Amino acid sequence: PNSPLVVFTPSGKRGRVPAGTTVLEAARRLGVDLDSVCGGRGICSRCQVAPAFGQFAKHGITSTEAALSDWNRVEARYAEKRGLAPGRRLGCQAQILADVVIDVPAESQLHRQVIRKAADARPVEMDPALRLCLVEVTPPDMHAPSGDLERLTEALRAQWGIEGVTISLPVLADLQTTLRAGNWTVTAALHRTSADAPPRITALWPGLLEGDLYGLAIDLGSTTIAAHLVSLRSGEVVASSGIMNPQIRFGEDLMSRVSYAMMNPGGAAEMTGAVREALTHLAQKIAATAGIDMDRILDLTIVGNPVMHHLLLGLDPVELGQAPFALATSEALNLPARNLGISALPEGAQIYLLPLIAGHVGADAAAVALSEAPDHSDELALIVDVGTNAEILLGNRHRVLACSSPTGPAFEGAQISSGQRAAPGAIEAIRIDPTTKEPRFRVIGSDLWSDDPGFAEATAQTGVTGLCGSGIIEAVAEMRMAGLLDSAGLIGSAAQTGSARMIPEGRTHAYLIHDGSASGGPVITVTQGDIRAIQLAKSALYAGARLLMDEMEVDAVDRVVLAGAFGAHISPLHALVLGMIPDVPVEDVTSAGNAAGTGARIALCSLAARRRVEALVRRITKVETAIEPRFQEHFVAASAIPHATAPFTQLRR
Ligand code: FES
């Protein structure tokens, strides 16, 4: 019999099929990833392929002519109505007549690889929890009575081979109207929680649904909530947005929110309500920005620290405020969005919450671990995500450890005399001339340095308002490098340093960075109290990292990754001069940006990634800093700048 050879690229899969087999059918038989929403009816165009005629002798293919059938009526109609790019065929219509090589372009692959932007980031393979299937349902018949749902599930079985389908109640409520509106043809969104779980119908549309489904990857921070709107077909981020966490009015940091819950009956519920409402607004805002209908947003992943996680779920966070910091659950969770009262989302939208690592180390750290994948490398990586608590991971292929360390809010500019949040007008970078001791700085909102011409005009709108987190870190490190500060952290006087910028402040001294008082602005200084606050924060961070290194029995790490919004802004050199992190060559300190958000996005695009992070979290060893006596020792030694005993190479320059 005539059985032409077909070779698919880029997968390289090949085999013989009976002449006349469609490309889509051949792909299915050979296990080739080729998308289809309409099930081969020639209307969705997801199955487009590019038959590559030519010389393919190496595959044993020599015939180049008429390897595929001519356009049939369906394909011709599609091409006429919607257009088909030159060289493209509908895989469900084109029949294989002779040996042929067929290229499956990226957009026709269901499990395509999405290349992440950072050069060293590994690609993510699309493996979304949702897929779309068009089905033709048999209309009801008086002589063979059966429910509309039973005929729909039977159609899914017969037309797609999908068994065991369930439906969520709100979707069932609309089923009859939708089936009739679509004249018995509907597109179903099928959601699975894992590759082998039976799917659930979470949305239905009359007729063929064109375009993509979307998901939201949410990083639920204690200060800000950030979201990416992601196409579940291409994996691309189509919009990003963020809002302040409204729980701030109950307490600036995590522990004050836990206290609020302890002290006020109903306090936890209030905070739960506030964050759920914020998520509703955020979803609406981001959908509006992207011009996407809310009914397309059907899957969500959420990461957050344990307190944020528990409050979102309506779990009392009180246990997280006291030893032994027991979580209600650390497991990954699958939930309907409706259960969390996120009312703007469609009825069927589903949420996946990443697992928590420990009572102080949340799903945000799990997401960082997923994104940075220390477990995929031989190199020993130290990954720090700095907030009011620093979450610290240390690991490689063989072992991954985690802890959190109570750095306090100083790194975010809080508890600093001239400190402020990162906002336009805040000093974010500063350099101090080692000879003249004169500072020059840059504020958020302008690229100019303070000694550049035009700086005053460029900052006329914002003014120079204070020091944000990266500003204070750079200021302290620069003061140390310029000799204005000794290794114990004492600020020198004008006489000791020869600089008129050292002004008396009680019994100590302060360094004057900017005097804006002439124009009604603030006087910005770094005081001895500020230095103490930074010393406490950085010692806690360093001691946490050191503790993990002790546990790993190493004296050095191969590289340091600074994660989080903070990590994105801090300069590696200044972090090293301050002794925030163990000494490594400055080029081995990199910033991962919002790695927690990236991890949430990876999990949104891939069920396999969800299994990966669950398995990784199970094997992470948790180290509890609070009960470890060596933490205190490390903390004390790390108070010096950069460190009392550990060698630091940076200050030798
Ligand atoms: Fe839908 Fe081919 S599978 S057009």
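Right, let's get into the packing of helix α8 (residues 363–372) against helix α15 (residues 595–605). Interhelical geometry of α8 versus α15 gives an angle of 75° and a closest axis separation of 7 Å. Comparing the axis directions of α8 and α15 gives the class roughly perpendicular. Note on element contacts: α15 touches α8 through A595, A596, T598, G599, A600, I602 and A603, opposite D364, A367, V368, L370, S371 and E372. In terms of residue class, the contact of α8 with α15 is built from 8 nonpolar, 3 polar and 2 charged.

This part is about the pattern of salt bridges. Applying the stated criterion across every chain, the model contains 25 salt bridges. Across the salt bridge formed by E107 and R88, the nearest N and O atoms sit 3.2 Å from each other. Taken together, the residues span a long stretch of sequence, with E107 in the loop between β5 (100–103) and β6 (113–114) and R88 in the loop between α2 (73–82) and β4 (89–90) at a distance of 19 residues. Take E107: its relative accessible area is 34%, and that puts it in the partly exposed class. A salt bridge links D451 to R440, with the nearest nitrogen and oxygen atoms 3.0 Å apart. Pair noted here: D451 is in the loop between β22 (439–443) and α9 (455–458) and R440 is in strand β22, with a separation of 11 residues, a long-range link. Owing to a relative accessible area of 31%, R440 belongs among the partly exposed residues under this scheme.

If you look at the biggest cluster of nonpolar residues, it comprises 68 residues, and the most contacted ones within it are L394, F411, I427, M479, I513, M580 and I581. The element that contributes the greatest number of residues to this core is helix α12 (residues 528–552), accounting for 13 residues. Discounting chain neighbours no more than four positions away, the residues touching L394 are L380, A381, L382, R399, V400, L401, L548, M549, M552 and V557. The next biggest cluster of nonpolar side chains, apart from the first, holds 52 residues, and it includes L132, L232, A363 and A367.

Under the domain assignment, the protein is made up of domain 1 (5–108), domain 2 (129–206), domain 3 (214–353) and domain 4 (364–409 + 534–652). Listed per partner, the contact involves 22 residues of domain 3 and 18 residues of domain 4. Here domain 3 packs against domain 4, burying approximately 1500 Å² in sum over the two surfaces, 63% of which is carbon and sulfur. When the area that domain 3 buries against domain 4 is broken down by residue, the three leading residues are T301, V303 and Y352, summing to 30%. Here R610 makes a salt bridge to D299, at a shortest N to O gap of 3.0 Å. Applying the counting rule to domain 3 against domain 4 returns 4 residue pairs in polar contact (both at pLDDT 80 or more). Of the residues that constitute the side of domain 3 that touches domain 4, the class distribution is 12 nonpolar, 7 polar and 3 charged.

This part covers the sheet that holds strand β19 (residues 390–395). Read from one edge to the other, the open sheet built from 6 strands follows the order β28-β27-β18-β19-β20-β29, with strand pairing classed as mixed. Edge positions in the open sheet fall to β28 (589–593) and β29 (621–622), since each of these has one partner strand only. Here α12 sits on the sheet and contacts β18 (381–386), β19 and β20 (400–405); the angle it forms with β19, its principal contact strand, is near 25°.

Let us look at the sheet that holds strand β14 (residues 237–244). Spatially, the 6 strands line up as an open sheet ordered β14-β13-β12-β15-β17-β16, and their pairing is mixed. Only two strands of the sheet have a single neighbouring strand rather than two, namely β14 and β16 (333–336). Each strand axis lies, on average, 20° off the axis of its neighbour in the sheet, ignoring direction. The pairing of strand β13 (residues 224–231) with β14 spans 7 bridges and is classified as antiparallel. Of the residues in β14, the one forming a bridge with H228 is S240. Against the sheet, helix α6 (residues 267–290) engages β12 (214–220), β13, β14 and β15 (297–304), with an angle of about 145° to β14. This element, helix α16 (residues 607–619), spans β15, β16 and β17 (350–353) of the sheet and lies at about 30° to β17.

A cis amide bond links T9 with the next residue in sequence, P10, at an omega value of 5°. On the secondary structure map, P10 appears in the loop between β1 (5–9) and β2 (14–16). Look at S45: it is not a glycine, yet its phi comes out positive at around 65°. Inspection of the secondary structure puts S45 in the loop between α1 (23–30) and β3 (48–51). At Q415, a residue that is not glycine, the phi angle is positive and equals roughly 60°. Relative to the helices and strands, Q415 is located in the loop between β20 and β21 (426–432).

Conventions we followed
- Residues numbered from 1 in each chain as written.
- Predicted model: local features only at pLDDT ≥ 70, side-chain atom pairs only at ≥ 80, totals over all residues.
- Heavy atoms only, no water.
- Axes fitted to C-alpha atoms, helices over the stretch in contact; angles between N-to-C directions.
- Helix = DSSP H or I, 4+ residues; strand = E, 2+ residues; numbered from the N terminus.
- Parallel < 35°, antiparallel > 145°, perpendicular 65-115°, else oblique.
- Contact = heavy atoms within 4.5 Å.
- Nonpolar A, V, L, I, M, F, W, Y, C, P; charged D, E, K, R; others polar.
- Salt bridge = Lys/Arg side-chain N within 4 Å of Asp/Glu carboxyl O.
- Buried < 20%, exposed > 50% of the residue type's maximum accessible area, 1.4 Å probe, protein only.
- Core = buried A, V, L, I, M, F, W, Y, C linked by side-chain atoms within 4.5 Å.
- Domains from an automatic or database assignment.
- Buried area = accessible area lost by both parts, 1.4 Å probe.
- Polar contact = N/O pair within 3.5 Å; in protein donor to acceptor, adjacent residues only side chain to side chain.
- Pairing = 2+ DSSP bridges.

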